[in-house]
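Here are the chains, one letter per residue:
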Amino acid sequence: MKEPLKLGVAGLGTVGVGLLGLLAEHGQRVADSIQRPIQVVGVSARDRRKDRGIGWEGSTWFDDPVRLATDPGIDVFVELIGGEDGVAKQAVEAALGAKKHVVTANKALLARHGTELARLAEKQGVSLDFEAAVAGGIPVIKTMREALVGNQIRRVYGILNGTCNYILTQMQTEHRAFADVLKEAQEKGYAEADPAFDIGGFDAAHKLALLTSLAFGTRVAFDQIHIEGIQSITQADIEAAHDLGYRIKLLGVAMTTESGIEQRVHPAMVPKHSAVAEVSGVTNCVGIDGDFVNTLLLVGPGAGGKATASAVMSDIVDLARGVLIPPFAVPAAALKPYKRAKLGQHQGAYYVRLSVYDRPGAMASIARRMSDREVSLESIVQRRPRASLPGIDARPVNGDPIPLILITHETTEEAIRKALDAIESDGKVSEKPQMIRIEKL
Ligand code: HSE
């Protein structure tokens, strides 16, 4: 056996407790396997007295994570505090400054400061590993850094937020209300401390920013991501998607185009029979299109203490074995500047839901606005409002708003947006049109 690898673990929330639990259960087995014990010698968290259901008594308690990060007794600083700035950033910078390897699950920190932190780590000759920062237990960072190094990546995409996928799945299968499901996701420990990060699409965008850099060898460019959350998705959209052969998923997509890299997070229609549509609940998936491997789809638990701890442990074991790889696969100095593609030039088909005043000529005027922008329609469904179903008295009267669902053929984002702006300013609809991109999978 070699001498132990000594960890300082900062943050004893869902993931930190998961890591202590994993070491308690499998520490000996891992040590036998890699011929090196792994010891948690120091811990730090906000509240020393809190009952976490697991002991840390064999370790020294540090009130200040920055002190733990630079403690001469540790080899690796494991940052599980979270947050893009503040104490997590100070502690990681201090650890790297003191030539400690860093393992982190902090996607927000890396999405904002990943390039600079990677430079610092490399300058100091230490590692900055973040398997747990993207898609929980799915080993996607390792896959992209190591297994796919022989490929030119064309696109990386996926369901990157378990909370949103859980909400959308429950709305679809159980017809449950959004707020209700979100509360449950929070209770189960899936959601971020501030769940607005989940439902607003920011958490998925943090993860996408990291995948983009790994895929294309570019500097981390979180600020260049087009982000939409799932707040605007209604039961009407979920049902219409089902009727039309789709499911709605919050996707993160990064792809190369002629004008640059497209990075976007938004609800998307995916064909009901695609593998991605089958990914339900808190499960995540990441699809990678490489020129030699073709398409790879990794599916697994995207959140939760145990699955995320499993990913943290894989980084720790790499360090125990002496495996050091640049954080974003290529040396930080060789990361290319990011060039953003114009979203207006995005090519794709679209789902549109309009609430149209039921008057003569309304449909003709909508069709004209679409044709003005050369948007061709693949299908049109004027849905009979529920209130007019047989046996229900309250039939809508002429002039009431009724739902109209359109699916377009492939067009550009600029064309569909301009057509919808014109439809809205014509006064033919009672609310802002809903538009959801249809993703080719
Ligand atoms: N809040 C995140 C999610 C946790 O729901 O996926 C994992 O990053």
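Asker: I'd like a rundown of the overall build of the protein chain, residues and numbers included.
Answerer: Looking only at helices and strands, the protein chain features 13 helices and 17 strands. Rg of the C-alpha trace for the protein chain: 24 Å, near the compact-globule value of 22 Å for 441 residues, within the 12% margin. Counting only C-alpha atoms and orienting by the principal axes, one finds that the protein chain spans roughly 80 × 45 × 35 Å. At a minimum sequence separation of 6, the contacts of the protein chain that also span at least 24 residues come to 76%. Total accessible area computed for the protein chain in this model is approximately 19000 Å², and 50% of it derives from carbon and sulfur atoms. Of the charged side chains in the protein chain, 51 are positive and 53 negative, and the gap between their average positions amounts to 2 Å.

Asker: Describe in detail the nonpolar core, supporting the description with residues and values.
Answerer: Formed by 82 residues in total, the largest nonpolar core has its most connected members in Phe 77, Val 140 and Leu 211. When residues in this core are grouped by element, the largest group, 9 residues, is from helix H9 (residues 202-216). Other than its neighbours up to four places away in sequence, Phe 77 contacts Gly 8, Ala 10, Pro 65, Leu 68, Ala 69, Ala 91, Val 92, Ala 95, His 101, Val 102 and Val 103. In terms of nonpolar packing, the next biggest core, distinct from the first, is built from 31 residues, Val 9, Val 30, Val 76 and Val 103 among them.

Asker: Tell me what's going on with the site of the ligand, and back it up with residues and numbers.
Answerer: Around the ligand, the neighbouring residues are Lys 107, Asn 161, Gly 162, Thr 163, Tyr 190, Ala 191, Glu 192, Asp 198, Asp 203, Lys 207, Gly 302 and Ala 303. Here Glu 192 contributes a side-chain N or O atom positioned 2.6 Å from a nitrogen atom of the ligand. Asp 198 is positioned with one of its side-chain polar atoms (N or O) 2.7 Å from a nitrogen atom of the ligand. When isolated, the ligand has an accessible area of 250 Å², and the protein chains bury 91% of it. Mapping the ligand onto the cavity grids shows that it belongs to the largest pocket. When residues of the shell around the ligand are traced back to their parent elements, those giving at least two are helix H6 (162-173) and H9. Here the shell around the ligand is composed, by residue class, of 3 nonpolar, 4 polar and 5 charged.

Asker: Describe the environment of Val 330, and please don't skip the residues or the numbers.
Answerer: Summarising the element assignment, Val 330 is placed in the loop between helix H11 (305-321) and strand E13 (347-357). Spatially, the C-alpha atom of Val 330 lies 37 Å from that of Gln 186, the residues being 144 residues apart in sequence.

Asker: I'd like a rundown of the domain arrangement of the protein chain, residues and numbers included.
Answerer: What the domain assignment lists for the protein chain is domain 1 (5-133), domain 2 (140-301) and domain 3 (347-438). Once you take the C-alpha centre of each, domain 1 and domain 3 turn out to be 52 Å apart.

Asker: Explain the packing of helix H3 (residues 86-97) against helix H4 (residues 107-124) residue by residue, including any values.
Answerer: Relative orientation of the contacting elements H3 and H4 amounts to 15 degrees, with a least axis distance of 9 Å. Judged by the inter-axis angle, H3 sits roughly parallel to H4. Note that H3 runs across H4; the crossing there is right-handed. Packed against H3, whose contacting residues are Lys 89, Val 92, Glu 93, Leu 96 and Gly 97, the element H4 presents Leu 109, His 113, Leu 117, Leu 120, Ala 121 and Gln 124 at the interface. When the residues that make up the contact of H3 with H4 are grouped by side-chain class, the tally is 6 nonpolar, 3 polar and 2 charged.

Asker: So what about empty space enclosed by the protein? Which residues, and what values?
Answerer: Inspection of every chain in the model, using the stated rule, returns 2 cavities of 30 Å³ or more. In this structure, the largest cavity spans a volume of roughly 50 Å³. Lining the largest cavity we find Leu 168, Gln 172, Ile 238, Ala 241, His 242, Tyr 246, Arg 247 and Ile 248. Every element with two or more residues in the lining of the largest cavity is listed here: H6, helix H10 (235-244) and strand E9 (246-257).

Asker: Could you give an account of the packing of aromatic side chains, naming the residues involved and the relevant values?
Answerer: Using the criterion set out here, one finds 4 aromatic pairs in the structure. When the ring of Phe 130 is compared with that of Phe 328, the centres are 5.3 Å apart and the planes differ by 45 degrees; the resulting orientation is tilted. Residue Phe 130 is found in the loop between strand E6 (128-129) and helix H5 (140-147), and its partner Phe 328 is found in the loop between H11 and E13; the two are separated by 198 residues along the sequence. Each member of the pair, Phe 130 together with Phe 328, is buried.

Asker: Run through the pairing of strand E15 (residues 401-408), naming residues and quoting values.
Answerer: For E15, the buried fraction is high: 6 of the 8 residues fall into the buried class. Taken together, the 7 bridges between E13 and E15 define a ladder with antiparallel strand orientation. Along E15, the bridge assignment pairs Tyr 351 with Ile 407. The sheet contact formed by strand E14 (residues 377-382) and E15 spans 5 bridges and is antiparallel. Across the sheet, Leu 377 pairs through a bridge with Thr 408, a residue of E15.

Reading the values: the criteria
Residues numbered from 1 in each chain as written. Predicted model: local features only at pLDDT ≥ 70, side-chain atom pairs only at ≥ 80, totals over all residues. Heavy atoms only, no water. Helix = DSSP H or I, 4+ residues; strand = E, 2+ residues; numbered from the N terminus. Rg over C-alpha atoms; globule rule 2.2 N^0.38 Å. Contact = heavy atoms within 4.5 Å. Areas by Shrake-Rupley, 256 points an atom, 1.4 Å probe, with all protein chains shown as cover. Lys, Arg positive; Asp, Glu negative; His and termini not counted. Charge placed at Lys NZ, Arg CZ, Asp CG, Glu CD. Core = buried A, V, L, I, M, F, W, Y, C linked by side-chain atoms within 4.5 Å. Buried < 20%, exposed > 50% of the residue type's maximum accessible area, 1.4 Å probe, protein only. Near = heavy atom within 4 Å. Polar contact = N/O pair within 3.5 Å; in protein donor to acceptor, adjacent residues only side chain to side chain. 1 Å grid on protein atoms, 1.4 Å probe; cavity = no way out; pocket = protein on both sides within 12 Å on 5 of 7 lines; lining within 4 Å. Sits in = over half its atoms within 2 Å of the grid points. Nonpolar A, V, L, I, M, F, W, Y, C, P; charged D, E, K, R; others polar. Domains from an automatic or database assignment. Axes fitted to C-alpha atoms, helices over the stretch in contact; angles between N-to-C directions. Parallel < 35°, antiparallel > 145°, perpendicular 65-115°, else oblique. Left-handed = near helix turned anticlockwise from the far one by under 90°. Points joined across faces, edges and corners; volume = space filled by probe spheres on them. Phe/Tyr/Trp six-rings, centres within 6.5 Å; stacked < 30°, edge-to-face > 60°. Pairing = 2+ DSSP bridges.

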